[in-house]
Amino acid sequence: MSGTAGVACKFHPDATLIEDYRAGDQICSECGLVVGDRVIDVGSEWRTFSSESGGEDKSRVGGAENTLLGSSDLSTIIGPGTGGASFSADGKAMYNNRPTVSSSDRTLMNAFRTISNMSDRINLPRTIIDRANNLFKMVSDGKNLKGRANDAIAAACLYIACRQEGVPRTFKEIVAVSTISKKEIGRCFKLILKAHDTSVELITTGDFMSRFCGTLSLSRDVQKAATCIAKKAVDFDIVPGRSPISVAAAAIYMASQASDDKRTQREIADIAGVADVTIRQSYKLMLPRAAELFPQDFKFTTPIENLPQN
C-alpha cells in the first residue's frame, strides 16, 4: 500500500491508496474507487534461472555494457530457429549470426578474460581487474608493444595494477597463474613503463610482510618484530642490493627463530617464492647486528646468541 503525490480519492482525500500492479490501478482503500490508472510496474518482468529453464533464457537486456570496447559491447544474437519459416526448402537455417565483433575488440575481450582468470586464481579484487583492463586498453591503443604476446602484456598489466593499488604481487606469483615466462613478462613490464609514462611505487619489505606472516600463521608479535627487523636492516644499509622480498623473508626467519613460533627457511621460501640460499645470505648479513634490529619490547624465547648461525 502507498499513497501517490497529486492523486487522491475525491470522497476520501486522506485515505491510503492501494496500488494494483497487475491491473495498473490505484484504488481508494475506503470506498474502492479507482482514482488512477496506468501505474508502471517497476518489478521484474519475469524471473529465470538458466539451470532450471531448460536452456531458454528470457532475458532481454544481455550482459553488462563494457565501455572499453569500441562497439560499446552492443550486439544482436539471433536465437536458434524453431518454426518452419526459419529454414529454407533444403533445410538450412535462413538466419545466422554474422561476426559483428571487430578484431581489435576480440583481442580486448580475450585479454580481459585472461586478466580476470589470473585474478581469480590469486584472489584479487575487482578494482585491480578494472585497473589492469584499462591499462591493457591504453597499451593496445598505443600500439607500442606490437609483436608481443597479448597474454604477456595482460600479465604485465596485472602486475602493474597490483603495485599501483598498493597490494603488490611478486613476479613469481604472476608467473604461477600465467602461461608466460618471467623474462617475457618482465620485458613487457619495462616496455609499458617506458612507452606510456606509467609510474609504480617502489616495493618495500612492508608490502609483503603481513601477507607472508598471515600465510605462515605467525603471531602478531612475530609479525611486528619481523617488520621492525626488515625496516631497520634497510635503514642501516645492512642488506645492500638485496630485494625487499628476500629481506622480508630473512626478517621473518630471524623473528620466528627468536620466538616460540619457529619456522624453517624452507617453509618461508615456499611462501615468499625465493630460494633457501637467498634467505640464508640475507640472514647472515643481518645476524651480526641482530641486537640492534629487534624491537625493544620483544620477548625472546631464544636469546640472540643462540640463534642459528646460517
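Structure: above.
Just so you know, these numbers come straight off a predicted model, no measurement behind them. (Residues numbered from 1 in each chain as written. Predicted model: local features only at pLDDT ≥ 70, side-chain atom pairs only at ≥ 80, totals over all residues. Heavy atoms only, no water.)

### Looking at the side chain of Asp276
For step 1, the next point in the chain: Within the secondary structure, Asp276 sits in helix H10 (residues 276-286).
For step 2, the next point in the chain: A distance of 2.9 Å separates the side chain of Asp276 from the side chain of Arg266, its partner in a polar contact.
For step 3, the next point in the chain: Apart from residues no more than four positions distant in its own chain, Asp276 is found in contact with Gln265, Arg266 and Ala269. (Helix = DSSP H or I, 4+ residues; strand = E, 2+ residues; numbered from the N terminus. Polar contact = N/O pair within 3.5 Å; in protein donor to acceptor, adjacent residues only side chain to side chain. Contact = heavy atoms within 4.5 Å.)

### Considering the pattern of salt bridges
For step 1, the next point in the chain: In this structure the tally under the stated criterion is twelve salt bridges.
For step 2, the next point in the chain: The residue Lys231 makes a salt bridge to Asp235 at a minimum N-O spacing of 3.0 Å. Taken together, the positions of Lys231 and Asp235, both in helix H7 (residues 220-235) and four residues apart, correspond to about one turn of that helix.
For step 3, the next point in the chain: The exposure class of Asp235 is exposed, given its relative accessible area of 51%.
For step 4, the next point in the chain: With its nearest N and O atoms 3.1 Å apart, the salt bridge here joins Arg289 to Glu292.
For step 5, the next point in the chain: Members of the salt-bridge network, linked through shared partners, are Arg148, Glu184 and Arg187. (Salt bridge = Lys/Arg side-chain N within 4 Å of Asp/Glu carboxyl O. Buried < 20%, exposed > 50% of the residue type's maximum accessible area, 1.4 Å probe, protein only.)

### Some details on the packing of helix H3 (residues 150-164) against helix H5 (residues 182-196)
For step 1, the next point in the chain: The N-to-C vectors of H3 and H5 enclose an angle of 65°; their axes lie 8 Å apart at closest approach. With respect to the hand of their crossing, H3 and H5 are arranged in right-handed fashion. Contacts between H3 and H5 pair Ala152, Ile153, Ala155, Ala156, Cys157, Tyr159, Ile160 and Arg163 from the former with Glu184, Ile185, Cys188, Phe189, Ile192 and Leu193 from the latter. (Axes fitted to C-alpha atoms, helices over the stretch in contact; angles between N-to-C directions. Left-handed = near helix turned anticlockwise from the far one by under 90°.)

### Re the packing of aromatic side chains
For step 1, the next point in the chain: Per the stated rule, a full pass over the model turns up eight aromatic pairs.
For step 2, the next point in the chain: With 4.1 Å between their ring centres and 15° between their planes, Tyr159 and Phe171 make a pair best called stacked. Taken together, the positions of Tyr159 in helix H3 and Phe171 in helix H4 (residues 171-176) put the pair twelve residues apart, joining distant regions of the chain.
For step 3, the next point in the chain: Between Phe208 and Phe212, the aromatic rings sit 5.7 Å apart at their centres with planes inclined by 20°, giving stacked as the arrangement. Taken together, the positions of Phe208 and Phe212, both in helix H6 (residues 206-215) and four residues apart, correspond to about one turn of that helix.
For step 4, the next point in the chain: Joined through ring pairs, the aromatic side chains of Tyr159, Phe171 and Phe189 make up one cluster. (Phe/Tyr/Trp six-rings, centres within 6.5 Å; stacked < 30°, edge-to-face > 60°.)

### So, unusual backbone geometry
For step 1, the next point in the chain: Look at Ser217: it is not a glycine, yet its phi comes out positive at around 60°.
For step 2, the next point in the chain: Even without being a glycine, Asp237 presents a positive backbone phi close to 60°.
For step 3, the next point in the chain: For Asp237, a relative accessible area of 54% puts it in the exposed group.

### Let's talk about the nonpolar core
In globular proteins that are soluble, nonpolar side chains generally tend to be buried together.
For step 1, the next point in the chain: Counting 38 residues, the largest nonpolar core has Met209, Ile229, Ile252, Met254, Ile279, Met286 and Phe294 as the members making the most contacts within it.
For step 2, the next point in the chain: Of all the elements in the fold, those that place two or more residues in this core are H6, H7, helix H8 (244-258), helix H9 (265-272), H10 and helix H11 (290-293).
For step 3, the next point in the chain: Here Ile229 is in contact with Ala251, Met254, Ala255, Met286, Leu293 and Phe294, once residues within four sequence places are set aside.
For step 4, the next point in the chain: Formed by 34 residues, the second largest nonpolar core is a distinct cluster that contains Ala152, Ala154, Cys188 and Ile192. (Core = buried A, V, L, I, M, F, W, Y, C linked by side-chain atoms within 4.5 Å.)

### Structural notes on helix H2 (residues 126-142)
For step 1, the next point in the chain: With 17 residues, H2 ought to run about 24 Å at 1.5 Å a step, and its terminal C-alpha atoms sit 24 Å apart, in line with that.
For step 2, the next point in the chain: Residues of H2 that are buried include every one of Ile128, Ile129, Ala132, Asn133, Leu135, Phe136, Lys137 and Val139, and no others.
For step 3, the next point in the chain: Along its buried surface, H2 packs onto helix H1 (103-121), H3 and H5.
For step 4, the next point in the chain: Taken from the residues just after H2, Lys143 is the one with a positive phi, measuring 55°. (Expected span 1.5 Å × (residues − 1).)

### Observations concerning the pairing of strand S1 (residues 17-20)
For step 1, the next point in the chain: Bridge analysis of S1 against strand S2 (residues 25-28) gives four bridges, and the strand direction is antiparallel. Counted as the bridge partner of Ile18 is Ile27 from S2. (Pairing = 2+ DSSP bridges.)

### Here we look at the pairing of S2
For step 1, the next point in the chain: Here S1 hands over to S2 after four residues, with Gly24 in that stretch at a positive phi of 75°.
For step 2, the next point in the chain: The pairing of S2 with strand S3 (residues 34-36) spans two bridges and is classified as antiparallel. Bridge pairing links Ile27 to Val34 in S3.
For step 3, the next point in the chain: Hairpin remark: S2 followed by S3, antiparallel, with five residues in the connecting loop; positive phi at Gly32, about 85°.

### Observations regarding the sheet that holds S2
For step 1, the next point in the chain: Strands sit in the order S1-S2-S3 across an open sheet of three strands; the sheet is antiparallel. Unpaired on one side and paired on the other, S1 and S3 mark the two borders of the sheet. Looking at each pair of strands side by side, their axes are set apart by 40° on average, direction ignored.

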